Amino acid sequence: MNGSVRADLSRDGAVATIRFSGGPGGCMDDAMEAALLDAVKAVEEDGALRACILAGAGPGVFIRHYDVATLHARAAVMRARGMAFSEARPVKESPIHEAMRRMEEGRVVWLAALNGTAMGGGFELALACDLRIVSPGPHRFGLPEINLGLLPGAGGTIRLPRLAGEAKALEMTLLGRTLSPEELAAAGLAILAGDAEAEARILARRLAGKPPRALAHIKRLVRGLPEDRPGAERALFCDLMVSDDAFRLMGEWAEGRRGIEDEPA
């Protein structure tokens with residue numbers, strides 16, 4: 001991995017942070033993609049972690065987008081080999097695809113702290129997170145790949161309509177429209193905060209105090225991972241009813257020692 005391109009992982013109790021730095025112009029390249037996957041695996045394998053924040057290290061940039069020069073070089077190799085592609089022959093996952101899949105399917109709650117611009121692959125990474133927090137400023141967010149004759153290739157055509165609705169997703173992807181922080185929040189895609197990373201840290205600590213089994217079950221159901229979602233919801237509800245955390249907290253409510261909106265101790 002190029003030493004100047006990093007996805008640095010740090011831990012603070014049950015909360016981790018992955019900070020991106022060193023990409024060309026704040027863009028993701030092969031080295032950052034590989035570093036991201038390594039960091040996601042490390043978070044996933046640490047049973048003490050409950051939440052993880054993704055943040056950009058440079059001012060005004062989360063991950064600007066995927067490095068287009070890298071994509072152009074890959075295209076040159078594929079064209080020289082006469083390679084052709086169709087839906088009948090699926091392309092295998094690259095590290096960024098695997099990292100996003102692991103984030104969605106795993107028990108850890110992921111938060112994108114958008115203190116700067118995130119378009120293309122950078123925005124797709126934010127969409128793969130469970131929560132997005134955005135700061136005001138001259139930042140842009142979206143999937144403008146159409147302007148290069150491309151489509152979002154890291155889950156954007158799947159996650160954006162699920163989060164913002166089909167009409168909004170088509171408007172953004174067909175027109176290549178990007179959004180300001182305020183527009184991103186108005187579309188329901190992010191929480192607007194004065195300092196995205198500081199707010200993400202507050203939320204991550206709150207999440208770390210929630211019963212972890214309930215966090216994992218809720219995330220799995222909302223993400224739509226079980227094939228039979230209604231049946232899975234009923235089963236997982238009962239699974240939590242008999243868990244130690246829920247039994248203790250429900251007992252405290254029954255004894256008048258807590259309300260349903262009170263945070264777990």
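The structure contained in this document is the topic of the report that follows.

Criteria and thresholds
- Residues numbered from 1 in each chain as written.
- Predicted model: local features only at pLDDT ≥ 70, side-chain atom pairs only at ≥ 80, totals over all residues.
- Heavy atoms only, no water.
- Phe/Tyr/Trp six-rings, centres within 6.5 Å; stacked < 30°, edge-to-face > 60°.
- Helix = DSSP H or I, 4+ residues; strand = E, 2+ residues; numbered from the N terminus.
- Buried < 20%, exposed > 50% of the residue type's maximum accessible area, 1.4 Å probe, protein only.
- Axes fitted to C-alpha atoms, helices over the stretch in contact; angles between N-to-C directions.
- Parallel < 35°, antiparallel > 145°, perpendicular 65-115°, else oblique.
- Left-handed = near helix turned anticlockwise from the far one by under 90°.
- Contact = heavy atoms within 4.5 Å.
- Nonpolar A, V, L, I, M, F, W, Y, C, P; charged D, E, K, R; others polar.
- 1 Å grid on protein atoms, 1.4 Å probe; cavity = no way out; pocket = protein on both sides within 12 Å on 5 of 7 lines; lining within 4 Å.
- Points joined across faces, edges and corners; volume = space filled by probe spheres on them.
- Pairing = 2+ DSSP bridges.

## Quick notes on the packing of aromatic side chains
Okay, so step 1: Overall, the coordinates contain 1 aromatic pair when judged by the stated rule.
Okay, so step 2: Ring geometry for Phe20 against Phe62: centres 5.9 Å apart, planes inclined by 80°, an arrangement best described as edge-to-face. Of this pair, Phe20 sits in strand 2 (residues 15–21) while Phe62 sits in strand 4 (residues 61–63), and the two are 42 residues apart along the sequence. Accessibility classification places Phe20 together with Phe62 in one group, the buried group.

## Side note on the packing of helix 3 (residues 95–105) against helix 4 (residues 121–128)
Okay, so step 1: The geometry of helix 3 relative to helix 4 is characterised by a closest axis approach of 9 Å and an angle of 20° between their N-to-C directions. The angle between the axes of helix 3 and helix 4 places the two elements in the roughly parallel class. Helix 3 and helix 4 meet at a crossing whose hand is right-handed. Taken together, the residues of helix 4 that come into contact with helix 3 (itself represented by Ile96, Met100, Met103 and Glu104) are Gly121, Glu124, Leu125 and Ala128.
Okay, so step 2: For the contact of helix 3 with helix 4, a count of residues per class yields 5 nonpolar, 1 polar and 2 charged.

## Brief notes about empty space enclosed by the protein
Okay, so step 1: Considering all chains together, one arrives at 1 cavity of 30 Å³ or more under this definition.
Okay, so step 2: A volume near 50 Å³ is recorded for the largest cavity.
Okay, so step 3: Residue lining of the largest cavity: Val40, Glu44, Arg102, Met103, Gly106, Arg107, Val108 and Trp110, and that is the complete set.
Okay, so step 4: Those elements giving two or more residues to the lining of the largest cavity turn out to be helix 1 (30–45) and helix 3.

## Re the sheet that holds strand 2
Okay, so step 1: Ordered in space as 1-2-3-5-7-10, the 6 strands form an open sheet in which the pairing is mixed. The two strands at the open ends of the sheet, each matched to only one other strand, are strand 1 (6–12) and strand 10 (191–192).
Okay, so step 2: In this sheet, strand 10 lies alongside strand 7 (residues 131–134) in parallel orientation, the contact comprising 2 bridges. In the sheet register, Val134 faces strand 10, and the bridge partner there is Leu192.
Okay, so step 3: Against the sheet, helix 1 engages strand 1, strand 2, strand 3 (51–56) and strand 5 (109–114), with an angle of about 20° to strand 1.

Remember that the coordinates give geometry; whether it matters functionally is a separate question.
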